[in-house]
Amino acid sequence: MSAAAGGGMTLTEKVLARAGGLERVVPGQIIDGRVDLAMMHEQGAQTVGPFHEMGAAKVWDPDRVVIAIDHWVPASTEGAAVLHRILRQFAKEQGLPHFYDVGNHGICHQILAEHGWVVPGDLAVGTDSHTNMLGAMGAVAAGIGPTEMAAVLALGKLWLKVPPTVRVRVRGRLGKGVYAKDLVLRILGEIKTTGATYKAVEFTGPTIERLSMSERFTLCNMTTEMGAKCGVMAPDATTYAFLEKIAKHPMHPIQPDPDARYERTLEVDVDGMPPMVACPYSPDNVRPLPDVVREHVKVDQVFLGSCTNARIDDLREGAGLMKGRKVADGVRFIVSPASTSIYKQALDEGLIDVFTDAGAVFTNSSCSACFGGNMGILAPGEVCASSSNRNFPGRMGAKDARIYLLSPAATVAAAVRGELADPREFL
Amino acid sequence: MRDVLEGRVWTLGDDVDTDQIISGKYLTVIDPNELKKHVFEIALPEFAGAAKAGDIIVAGVNLGCGSSREHAPQALRAIGVGAIVADSFARIFYRNAINLGVPTIEAPGVRAAFSPGDTARVELREGRIANLRTGAQVTFPPIPSHLLELLEAGGLVEKVKRELRAAAAPSGR
Ligand code: SF4
C-alpha cells in the first residue's frame, strides 16, 4: 500500500492507518484507533471507578482484555490486596475470562508476549509504560493511564496522534559477553530520555534481524526510556515462528514501505562495542562498562529481573556465569523470573539451584525489586546493580540510592565481585 | 474551564519523573486526597504542605517521565492545581493530566521565565503565559481542538459520559 503522493509509510504509520480504518496517515494526524488488545495490571483497579462514572455498562469486547497482576504478587500489603480484589470483582462482574491471577502470574508484558496476546499489525494499549515492549511483535503497543483505559474498555478505541518515526538501523555482531541490553543502553545514550518523546522508534538492520524475540523485547521495552510512544520492529520469520502456536488472534503482517519517511535515522555499528552501563540517576547516563569498572563501584544489592531482562535466556546466561562461583560477602543478590512459566523452566533446567547454591535469593515471578514498592527496597545511600530499565532517584527505594543498569550477565559479575565488573572476564 | 488563569508559581527542574512526583511506596493508595499529601515528596518536599488551589506548576523538560501512574496528576488535581506548564512533557503524563481535566500546557522556554513564588497568568486560548512580577512573556502553540474539547468537558470521564448518553438516547428519527 505505497501511497502515490508524499512517499510511503513507516511501520507505525501503517499499523495506525489500519487501526484508524484509513488508507493513509501522516505524522501529526489524529486518528480514532480501534484497539486490538487492552491490558491492565494493578493500576487497572483505578480504571473501575471512571468506567462506572462514565455510565458504561459493558466492556466492549471481553475477549480482548487481559488482566495480569504483577507488582505485588501475592499481595504484600492490605492496599495491594484491595487493588487485586477490585480487579477480581470487576473481571467477574464483566465476564472477563483472561485474568492471570496468583499461581498463573507474571509481569504483564511477559504474559502478553508468551501467550500470544499481541500479534503483528495490532494496536495494543496497557496501563503500564513498558507496554512498548510488545512492539517487537510488529504491533503498535503503548502505555496509557487508567482513566484513559476506562474509555478504551467502554468504547474499544482511543485517539492517537500519529507520531513521526525515528529509525534506528543496527549492523555488526554483538561480541561475547555483550548483549541486546548493552545495545539498547548504547542507543539510549545517544537518543537520550527525551530524544523520542511523542515519537515512534523503528529498529531495523541486519543485527536486529538476527535477534531472538526475547532480545527484541529487551530493545522495544526500553524505548519507553527514550520517551517514545512505541518501539516497533517489522515482523519476520522469527516473529511468525514465535507466534505460530500461540497467536490469540489473526495476524496482519505489516511491513514498512521501502520509501517510508523517517524523521531521522540513527546508524549504530555494534562491532567491537563493549558492555554498557547506565549510571545514576538517568537511564541515558550511559558509559562503557569497562570505564566504570575502573572506578571500583561497590554494590550492596544486585537484581536480575524485570520485564526488560528476566526471560529464560537471561536466567540461563546469568546462571552460566554464576555456576561454581559465590555471591560476594555483604551482597544481596535477588533473581526474579518474569513469569510462572519461566520459573518452572528455570526449575527444570536446574538454574534455581545454581543461583541459590551461590547464595542468591530466587523469588517468585513478579516485578520484584524493580519499582521500590514491594521487596528488595534500597536503604539510603545503597548501591544496586540491576538488569531493569530505570534508575531515576527513588526508583528502588531511598531517594539517594544509586542504581546501575546492566545486562543480566553483568549483574552476575557484580554479584560475584561485590562491585561492578566486566562479564567478559567471567566467560 | 476558565480561559485565563492566574496563580502562584512552583518550579521544578528537568526530567522530574513520576517516582519523584508520587513515590513507588504510595502506589497502592488510590484516594486522591491521601495521595496529595505525598505529591512531589522527592522533587519538592515543601509543596504538599503549602500548595493551594489555583497554584501553577512550571517545570523544565520531560515532566512526568517514567511510569504510567496516574497517581501523579490525580494528586495534583486533588490539590486543585490551576495549570501544569512545562518546557516539555513525557507523553503518558501529558495524556493523563489532560484526561483528568487539568490544563496542561507545553510551552518551550517557560521554565527560564519563572522563579518560585512568582505569579503566572496563563491565557489558554491566546497561547500566552506572562510572569506578572517580571513582565516576561512566553507564547505556546494553540492547544489542539480535540484536547480543548476534553478540557472543556472537564476531562475524559465527562466526555465519554456524554458520548455514551448521546448514543443511548432515542435518535428522534
Ligand atoms: S518489571 Fe519494572 S518496569 Fe517492568 S512492569 Fe514491572 S515495575 Fe514496570
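The shown structure was predicted, so the numbers you read here are calculated from the model rather than taken from an experiment.

### Considerations on the overall build of chain B
Working step 1: On a plain count of helices and strands, chain B comes out with seven helices and seven strands.
Working step 2: Along its sequence from the N terminus, chain B presents helices and strands in the succession β-α-α-α-β-α-β-α-β-β-β-β-α-α.
Working step 3: Against the globule reference of 16 Å for 173 residues, chain B gives a C-alpha radius of gyration of 16 Å, in line with a compact fold.
Working step 4: The principal-axis extent of the C-alpha atoms belonging to chain B is close to 60 × 40 × 25 Å.
Working step 5: Counting all 173 residues of chain B, 57% fall into the buried class.
Working step 6: Residue pairs at least 24 apart in sequence account for 65% of intrachain contacts in chain B once pairs closer than 6 positions are excluded.

### Things to note about the packing of helix α6 (residues 145-153) of chain B against helix α7 (residues 156-168) of chain B
Residues and elements named next belong to chain B.
Working step 1: At a minimum axis separation of 7 Å, α6 and α7 run at an interaxial angle of 95°. Classified by the angle between their axes, α6 and α7 sit roughly perpendicular to one another. Contact residues: Glu149, Leu150 and Ala153 in α6; Leu156, Glu158, Lys159 and Arg162 in α7.
Working step 2: Residue composition of the contact of α6 with α7, by class: three nonpolar, no polar and four charged.

### Brief notes about the nonpolar core
Working step 1: In this structure, Ile187(A), Phe333(A), Phe355(A), Leu420(A), Phe47(B), Leu63(B) and Ile84(B) are the most contacted members of the largest nonpolar core, which totals 214 residues.
Working step 2: Both domain 1 (7-267) and domain 2 (277-425) of chain A contribute no fewer than three residues apiece to this core.
Working step 3: Ignoring anything within four residues of it in the chain, the contact list for Ile187(A) reads Val168(A), Val170(A), Phe203(A), Met226(A), Leu266(A) and Val268(A).

### A word on the environment of Pro45(B)
Working step 1: By secondary structure assignment, the location of Pro45(B) is in the loop between α2 (32-35) and α3 (47-50).
Working step 2: On the basis of relative accessible area, Pro45(B) is assigned to the exposed category, the value being 51%.

### Focus: the domain arrangement of chain A
By a widely used convention, the size of an interface equals the accessible area lost when the partners come together.
Residue and element names in this part refer to chain A.
Working step 1: Structurally, chain A comprises domain 1 (7-267) and domain 2 (277-425).
Working step 2: Facing 38 residues of domain 1, the contacting portion of domain 2 comprises 36 residues.
Working step 3: Here domain 1 meets domain 2 over a buried area of about 2,800 Å², counting both sides, of which 54% is carbon and sulfur.
Working step 4: The largest share of the area that domain 1 buries against domain 2 comes from Ile107, Tyr179 and Lys181, three residues that together contribute 21% of it.
Working step 5: Linking domain 1 with domain 2 are one salt bridge, by the criterion used here.
Working step 6: Residue Arg390 pairs with Glu225 through a salt bridge whose shortest N-O separation is 3.1 Å.
Working step 7: The interface formed by domain 1 and domain 2 contains 29 residue pairs in polar contact (both at pLDDT 80 or more).
Working step 8: Of all the secondary structure elements, the ones that give two or more residues to the side of domain 1 that touches domain 2 are α4 (108-114), α6 (180-191) and α8 (213-221).
Working step 9: No other element matches the six residues that α6 contributes to the side of domain 1 that touches domain 2.
Working step 10: The residue makeup of the side of domain 1 that touches domain 2, split by class, is eleven nonpolar, 18 polar and nine charged.

### Quick word on the pairing of strand β1 (residues 30-34) of chain A
Residues and elements named next belong to chain A.
Working step 1: Alternating residues of β1 divide into Ile31 and Gly33, all buried, and Ile30, Asp32 and Arg34, none buried.
Working step 2: One ladder, built from five bridges, connects β1 with strand β7 (residues 157-161); its direction is antiparallel. Looking at the pairing, Ile31 lines up with Leu160 of β7.

### Here we look at the sheet that holds strand β4 (residues 99-100) of chain A
Where strands meet in a sheet, backbone hydrogen bonds hold them as pairs that are either parallel or antiparallel.
Residues and elements named next belong to chain A.
Working step 1: A sheet is described by the order of its strands in space; here five strands give the open sequence β4-β3-β2-β5-β6, paired in parallel fashion. Of all strands in the sheet, those with a lone pairing partner are β4 and β6 (140-143), marking the two edges.
Working step 2: Relative to β6, strand β5 (residues 123-126) runs parallel, the two sharing four bridges. Each residue of the ladder has a partner; that of Gly126, found in β6, is Gly143.

### Description of the sheet that holds strand β11 (residues 264-269) of chain A
Residues and elements named next belong to chain A.
Working step 1: The four strands lie next to each other as β10-β9-β8-β11, forming an open sheet whose pairing is parallel. The outermost strands of the open sheet, each flanked by one partner alone, are β10 (230-233) and β11. Pairwise comparison of adjacent strand axes, ignoring direction, gives a mean angle of 20° for this sheet.
Working step 2: Two strands pair when backbone bridges link them, and strand β8 (residues 165-171) and β11 are joined in this way by six bridges, in the parallel orientation. Across the sheet, Val166 pairs through a bridge with Arg264, a residue of β11.
Working step 3: Against the sheet, helix α1 (residues 11-20) contacts β8, β9 (200-204) and β10, and its axis sits at roughly 105° relative to β10.

What counts and what doesn't
Residues numbered from 1 in each chain as written. Chains lettered and ligands numbered in written order. Predicted model: local features only at pLDDT ≥ 70, side-chain atom pairs only at ≥ 80, totals over all residues. Heavy atoms only, no water. Helix = DSSP H or I, 4+ residues; strand = E, 2+ residues; numbered from the N terminus. Rg over C-alpha atoms; globule rule 2.2 N^0.38 Å. Buried < 20%, exposed > 50% of the residue type's maximum accessible area, 1.4 Å probe, protein only. Contact = heavy atoms within 4.5 Å. Axes fitted to C-alpha atoms, helices over the stretch in contact; angles between N-to-C directions. Parallel < 35°, antiparallel > 145°, perpendicular 65-115°, else oblique. Nonpolar A, V, L, I, M, F, W, Y, C, P; charged D, E, K, R; others polar. Core = buried A, V, L, I, M, F, W, Y, C linked by side-chain atoms within 4.5 Å. Domains from an automatic or database assignment. Buried area = accessible area lost by both parts, 1.4 Å probe. Salt bridge = Lys/Arg side-chain N within 4 Å of Asp/Glu carboxyl O. Polar contact = N/O pair within 3.5 Å; in protein donor to acceptor, adjacent residues only side chain to side chain. Pairing = 2+ DSSP bridges.

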